[in-house]
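If you want the building blocks of each chain, they are given just below.
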Amino acid sequence: MLIPQSTAAISPPFAGAGELCALAAAICWGIATVYFTLAFRKHKAQDAVLIKNLGGALALGILAWFLGPEREGGIPTGNSLSWLIFSGFIGLGIGDWLFFVALAHIGVGRTIILTQTLPIATAITAWFTHGEELSPAQWIGAVFIVLGGWVAESRRARGGRADTIGILAALGAVVTFTIGNVTMTEGVRSSGVISSASIRLAAGALTVLLIAFFRGDGKRSLRVTVSAHSWRALLLPSALGTWLGMALFAGGFKWAKQGVASALAGAAPLISIPFAVFMLEEKPGVRGWMGAALVTVGVAVLGLAV
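From a predicted model like this one, the values you see are computed outputs, not experimental measurements. (Residues numbered from 1 in each chain as written. Predicted model: local features only at pLDDT ≥ 70, side-chain atom pairs only at ≥ 80, totals over all residues. Heavy atoms only, no water.)

> Would you explain the overall build of the protein in this entry?
Tallying secondary structure elements over the protein gives twelve helices and zero strands in all. For the protein, with 306 residues in total, the buried portion stands at 53%. Taking contacts inside the protein between residues at least 6 apart in sequence as the whole, the part at least 24 apart equals 88%. On the protein, roughly 13900 Å² of surface is accessible, and the fraction owed to carbon and sulfur atoms is 71%. (Helix = DSSP H or I, 4+ residues; strand = E, 2+ residues; numbered from the N terminus. Buried < 20%, exposed > 50% of the residue type's maximum accessible area, 1.4 Å probe, protein only. Contact = heavy atoms within 4.5 Å. Areas by Shrake-Rupley, 256 points an atom, 1.4 Å probe, with all protein chains shown as cover.)

Encoded structure:
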């Protein structure tokens, strides 16, 4: 059933709707990242992945049922459903798992730097698979956002030794995230953005559980899903960063070019850096603020290019 559909553009509800959705997703993720960081002081990152995906699938699934297909809800069927399940399995299941393997081996800084290539990888892949060509201004904006994220996070990459497993896991995460993004586009074309996000999150949650059982950690993971303590600690960042953020992300890929949507969604450092200063009392330094400035320029260029 995984046969590419027509690549005809989907008319957005208003000009720039896709770009606005992708940027709003970045804002959600930027704020949620700080709250997840606070939660990780007492909870495992793998637990957060499971709760955010499982909770998001349930919350958005119920919302999609109430909204109906005429309001970006409903139930995806046929090829759309197959693409969304595959996208969630690859991107939110295997991709998230590889991402956290990388975090464990090479740390946050180098992992973010390596995965910051995702927007460019998505744009190039969409060019080959869907014939989506970015304008020169859009390429410039995307490059500024990637470069800004790299500069902002490079301040944390000092002092660690190279780890082959971590580097391969980070690069593998880029590959799986890219595949997840491109295949999500196929699924969301004829489906509502709310229901599409719900299906992807459900597939991702199931994949995380399967990986946990394969590693012998399945029973503990199941207990986490019914732990009131875990839900209280992870509910706010999950609801903001995953439930709302993923729905907006799907809207970005439905109504904007994939490379543009991925780049704008990657503008999270623009939000997370100043928010971390306020909430975590972090000191981003010159590189952090320079990175945020580059991201701001990239967002502005992409906005003007719409």
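The discussion continues.
> Any chance you could explain a nonpolar patch on the surface here in plain terms?
A cluster of nonpolar side chains, contributed by Ile62, Trp65 and Phe66, occupies part of the molecular surface with about 430 Å² of accessible area. For tryptophan 65, the location among the structural elements is in helix H2 (residues 45–67). (Patch = residues over 30% accessible without salt bridge, like charges linked within 9 Å, V, L, I, M, F, W, Y side chains within 5 Å. Salt bridge = Lys/Arg side-chain N within 4 Å of Asp/Glu carboxyl O.)

> It is not clear to me how the nonpolar core should be interpreted in this structure. Could you clarify?
When a protein is soluble and globular, its nonpolar side chains tend to lie buried together. In this structure, Val193, Ile194, Leu201, Met246 and Phe249 are the most contacted members of the largest nonpolar core, which totals 31 residues. Counting residues per element, the ones that place at least two in this core are helix H1 (17–39), H2, helix H5 (136–154), helix H6 (164–188), helix H7 (193–214), helix H9 (228–255) and helix H10 (258–265). The dominant element in this core, judged by the number of residues it contributes, is H9, at seven residues. Contacts of leucine 201, omitting those with residues within four sequence positions, involve Asn53, Gly56, Ala57, Leu60, Leu92, Thr242 and Met246. By size, the runner-up hydrophobic cluster in this structure holds nine residues, among which are Ala102, Leu118, Ala169 and Ala173. (Core = buried A, V, L, I, M, F, W, Y, C linked by side-chain atoms within 4.5 Å.)

> Help me understand the environment of valine 182 in this model?
Along the polypeptide, valine 182 turns up in helix H6. As a C-alpha pair, valine 182 and tryptophan 83 span 99 residues in sequence and 9.6 Å in three-dimensional space. Those residues within four positions of valine 182 in sequence are excluded, and the remaining contacts are Thr125, Ala126, Thr129, His130 and Gln258.

> Help me understand the side chain of threonine 242, please; the structure alone is not making it clear to me.
Here threonine 242 is to be found in helix H9. Residue threonine 242 is classed as buried on the basis of its relative accessible area, which comes to 4%.

> Looking at this structure, how should I read the packing of aromatic side chains?
Centre-to-centre distance and the angle between the planes together describe a pair of aromatic rings. Inspection of every chain in the model, using the stated rule, returns four aromatic pairs. For the pair tryptophan 65 and phenylalanine 66, a centre-to-centre distance of 5.0 Å together with 80° between the ring planes defines the contact as edge-to-face. One exposure class covers both tryptophan 65 and phenylalanine 66, and it is exposed. Relative to phenylalanine 177, the ring of phenylalanine 99 has its centre 6.4 Å away and its plane inclined at 50°; by these criteria the two rings are tilted. Of this pair, phenylalanine 99 sits in helix H3 (residues 78–115) while phenylalanine 177 sits in helix H6, placing them 78 residues apart in sequence. On the accessibility criterion, phenylalanine 177 (16% relative accessible area) is buried. An aromatic cluster is present here, built from Trp29, Phe249 and Phe253 joined pairwise through their rings. (Phe/Tyr/Trp six-rings, centres within 6.5 Å; stacked < 30°, edge-to-face > 60°.)

> Quick question: what am I supposed to make of the confidence of the model for the protein here?
For residues with low pLDDT, the predicted coordinates do not support detailed interpretation. Here the protein averages 79 in pLDDT, while 85% of its residues score no lower than 70. For the protein, helix H12 (residues 285–304) is the element with the lowest average pLDDT, namely 71, and H7 is the one with the highest, namely 89. Segment residues 1–9 is flagged for pLDDT under 50; beyond a separation of four residues in sequence, or across chains, it makes 22 contacts in the model. (pLDDT = per-residue confidence, 0-100.)

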